[in-house]
Amino acid sequence: MKAATASIEMKGALTLSHRQYLALAIPLVISGISTPILGAVDTAVVGRIPDPASIGGVAIGAVIFNTMYWLLGFLRVSTSGFTAQAEGANNQKEMQLSFLRPMILAVLFGLLFIILQQPILQISLSLIGGSEAVSTFAATYFSIRIWGAPFILLSYVMIGWLMGMGNVRLALATQILMNVLNIILDIVFVLGLGMGVSGVAYATLIAEISAVLFGAWLIFRTNRVKIAQIKLPMLIESEPLIKMLKVNRDLFLRTVCLLTMTVIFTSKGASMGEVTLAANAILLQIHYIMAYLLGGFANASSIIVGRAIGGRNPSLYKRVFSLSAHWGFIAAIILFLFILLFGGNIVAVFTTITEVREEAIELLIWMMVFPIVGFWGLQLDGIFSGATEAKSIRDSMILALIVFLLAVWLFVPNYHNHGIWFAFVSFSLARSFFLSLYVSKLTRTKFS
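Since this is a predicted model, take the numbers as computed values, not measurements.

Draft legend 1. Broad picture of the overall build of the protein chain. A tally of helices and strands in the protein chain yields 18 helices and zero strands. When the 448 residues of the protein chain are sorted by exposure, 60% land in the buried category. Of the contacts formed within the protein chain by residues at least 6 apart in sequence, a portion of 85% connects residues at least 24 apart. In the form shown here, the protein chain has an accessible surface area of approximately 17700 Å², with 70% of it arising from carbon and sulfur atoms.

What follows is the structure, encoded as structure tokens:
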């Protein structure tokens, strides 16, 4: 895969065919969907326990971790963008520094999460709400998984760096290891040993730590000499460090908006009862799989855009927009048809509880709409990230959040859970629309 991306860079836009784009995108799609599969497996296994509070507890626990980790999601996104640009410019030193700088941040934030675990848990439960039983399960899940915080944040840096370097197969191998191990341990701990929610949490924790150790071994085995040449003054050089921090700041604020929407969404569902919370949790897992699948194409575009900007290649840059729109739209249509034809069967995989299944199936229409209205925003997010132009991503997300809040205020009182999902889809549509308005500015800024 490294050779494929190098070929794209050297030959330019005229030879950037659909086949070459897919050769990069498909492994990234597989890699991308492996992330939500962790949550989906957890939800599906817990769904075999005849208590909707268990599903709700894991759902709330997952929201807490999504909130924590997504806030630090810039560690992957910015690492990938900066690395791809350094690769495009053939700047060997900056390739290594783009890996080491965010590693320091990952460790510091991971340790901070562990130190502050009790305040984080208590504040989160008070904000999200839910019954006493749901909160108890959520606390159990959280208190176990929190010890993996430094490892999961380090994995963001590793995967972002591998993607930016074009080593997609190594990134894919790391995530496949994590998911296969998580699935096996979920089955053993929950269905075999009857450990319930604790088993789910331990399975995920062990899988996360194992994947990071494996990824670290791969990276340092092949880059030991180069990384050893990096000295401390290089790491704290002011200009690139400030640029990294500014991009990460804007991506952080973008994620704050995204997670504000997710927390409000989950909280509204929790206030409508355990069955509604559980049904929404299942649909959110389906949504995550679709979003990350579409994100695979966005990640491919991000890598190529970074290379184009680093190598000062405007033709390649423009070609990416066409390919990203083309394949993003095709993927969205396929997802729409898949939910239309098999949505009920997919829901049945997640739970055997009749009430939960019936409510989730009733809401499947929103899962059909999501990829159609949201795919372009996800593609643009990848393009802007590869260009390390995070300010536009931040601003468009703020506007999308305002649209979401207005929709919640207007539609939830009368349409209840359907109103929540309408607001969710409105957020996705607004994200696509507003970020589109910044495209011409991006082109002028990078190639004027």
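Draft legend 2. Spatial organisation of the packing of helix H14 (residues 314-350) against helix H15 (residues 354-362). Closest axis-to-axis distance for the H14/H15 pair is 10 Å, and the angle between their directions is 145 degrees. Crossing hand, H14 versus H15: right-handed. Between H14 and H15, the residues in contact are Gly344, Val347 and Ala348 and Arg357, Ala360 and Ile361, respectively. Its residues assigned to classes, the contact of H14 with H15 comprises four nonpolar, one polar and one charged.

Draft legend 3. Representation of the environment of Val190 within the structure. Structurally, Val190 can be placed in helix H9 (residues 168-192). Given a relative accessible area of 8%, Val190 falls into the buried group. Residues Val190 and Val46, 144 residues apart in the sequence, show an inter-C-alpha distance of 7.7 Å.

Draft legend 4. A look at the packing of aromatic side chains. Using the criterion set out here, one finds 17 aromatic pairs in the structure. Relative to Tyr415, the ring of Phe411 lies with its centre 6.2 Å away and its plane at 40 degrees, an arrangement referred to as tilted. Taken as a pair, Phe411 and Tyr415 lie in helix H17 (residues 390-436) at a separation of four residues, close to a single helical turn. Aromatic rings pair up to connect Phe265, Phe370, Trp421 and Phe424 into one cluster. Between the NZ or CZ atom of Arg145 and the centre of the ring of Phe65, over which it lies, the distance is 4.5 Å.

Draft legend 5. Quick look at the nonpolar core. Ranked by size, the top nonpolar core spans 144 residues in total, and within it Ile64, Met68, Leu75, Leu153, Ile286, Phe297 and Trp421 carry the most contacts. For this core, the leading source of residues is helix H13 (residues 274-310), giving 19 residues. Filtering out sequence-adjacent residues up to four positions away, Ile64 remains in contact with Ile120, Leu121, Ser124, Leu125, Ile128 and Phe142.

Draft legend 6. Seen up close, the pattern of salt bridges. By the definition in use, this model includes eight salt bridges. Where Asp381 meets Arg254, a salt bridge forms, and the shortest distance between an N and an O atom there is 3.2 Å. Note that Asp381 is positioned in helix H16 (residues 364-386) and Arg254 in helix H12 (residues 238-270), a separation of 127 residues in sequence. Taken as a pair, Asp381 and Arg254 share a single burial class, namely buried. Here the residues in one salt-bridge network are Arg249, Asp250, Lys391, Arg394 and Asp395, joined through shared partners.

Draft legend 7. Highlighting the confidence of the model for the protein chain. In this model, the protein chain carries a mean pLDDT of 82, and residues with pLDDT of at least 70 account for 87%. Scored below 50 in pLDDT, residues 1-14 shows 28 contacts in the model against residues more than four places distant or in partner chains.

Draft legend 8. Seen up close, the packing of H16 against H17. Running from amino to carboxyl end, H16 crosses H17 at an angle of 160 degrees, the nearest separation of the two axes being 9 Å. Comparing the axis directions of H16 and H17 gives the class roughly antiparallel. Seen along the crossing, H16 lies across H17 with a hand that is left-handed. When its residues are assigned to classes, the contact of H16 with H17 shows 16 nonpolar, eight polar and two charged.

Draft legend 9. Representation of the side chain of Gln117 within the structure. Following the sequence through the fold, Gln117 ends up in helix H6 (residues 117-128). Within the local environment of Gln117, its side chain forms a polar contact with the backbone oxygen of Ile114, the two atoms lying 3.1 Å apart. Apart from the residues within four sequence positions on either side, Gln117 is in contact with Phe142, Ile146 and Trp147.

Draft legend 10. Unusual backbone geometry, seen in detail. Its identity is not glycine, yet Arg312 carries a phi of approximately 55 degrees, on the positive side. Relative to the assigned elements, Arg312 resides in the loop between H13 and H14. Look at Arg312 and you get exposed, because its relative accessible area is 51%. Here Thr388, not a glycine, exhibits a phi torsion of approximately 50 degrees, which is positive. You can see Thr388 is positioned in the loop between H16 and H17.

Draft legend 11. Representation of a nonpolar patch on the surface. A cluster of nonpolar side chains, Ile26, Ile30, Ile176, Val180, Ile184, Val188, Leu193, Met195, Tyr202 and Ile206, forms an exposed patch at the surface whose accessible area comes to about 820 Å². Listing elements by their share of the nonpolar patch, those giving two or more residues are helix H2 (18-46), H9 and helix H10 (196-228). Top element by residues in the nonpolar patch is H9. It accounts for four residues. Owing to a relative accessible area of 38%, Val188 belongs among the partly exposed residues under this scheme.

The rules behind each value
Residues numbered from 1 in each chain as written. Predicted model: local features only at pLDDT ≥ 70, side-chain atom pairs only at ≥ 80, totals over all residues. Heavy atoms only, no water. Helix = DSSP H or I, 4+ residues; strand = E, 2+ residues; numbered from the N terminus. Buried < 20%, exposed > 50% of the residue type's maximum accessible area, 1.4 Å probe, protein only. Contact = heavy atoms within 4.5 Å. Areas by Shrake-Rupley, 256 points an atom, 1.4 Å probe, with all protein chains shown as cover. Axes fitted to C-alpha atoms, helices over the stretch in contact; angles between N-to-C directions. Left-handed = near helix turned anticlockwise from the far one by under 90°. Nonpolar A, V, L, I, M, F, W, Y, C, P; charged D, E, K, R; others polar. Phe/Tyr/Trp six-rings, centres within 6.5 Å; stacked < 30°, edge-to-face > 60°. Lys NZ or Arg CZ within 6 Å of the ring centre and 35° of its normal. Core = buried A, V, L, I, M, F, W, Y, C linked by side-chain atoms within 4.5 Å. Salt bridge = Lys/Arg side-chain N within 4 Å of Asp/Glu carboxyl O. pLDDT = per-residue confidence, 0-100. Parallel < 35°, antiparallel > 145°, perpendicular 65-115°, else oblique. Polar contact = N/O pair within 3.5 Å; in protein donor to acceptor, adjacent residues only side chain to side chain. Patch = residues over 30% accessible without salt bridge, like charges linked within 9 Å, V, L, I, M, F, W, Y side chains within 5 Å.

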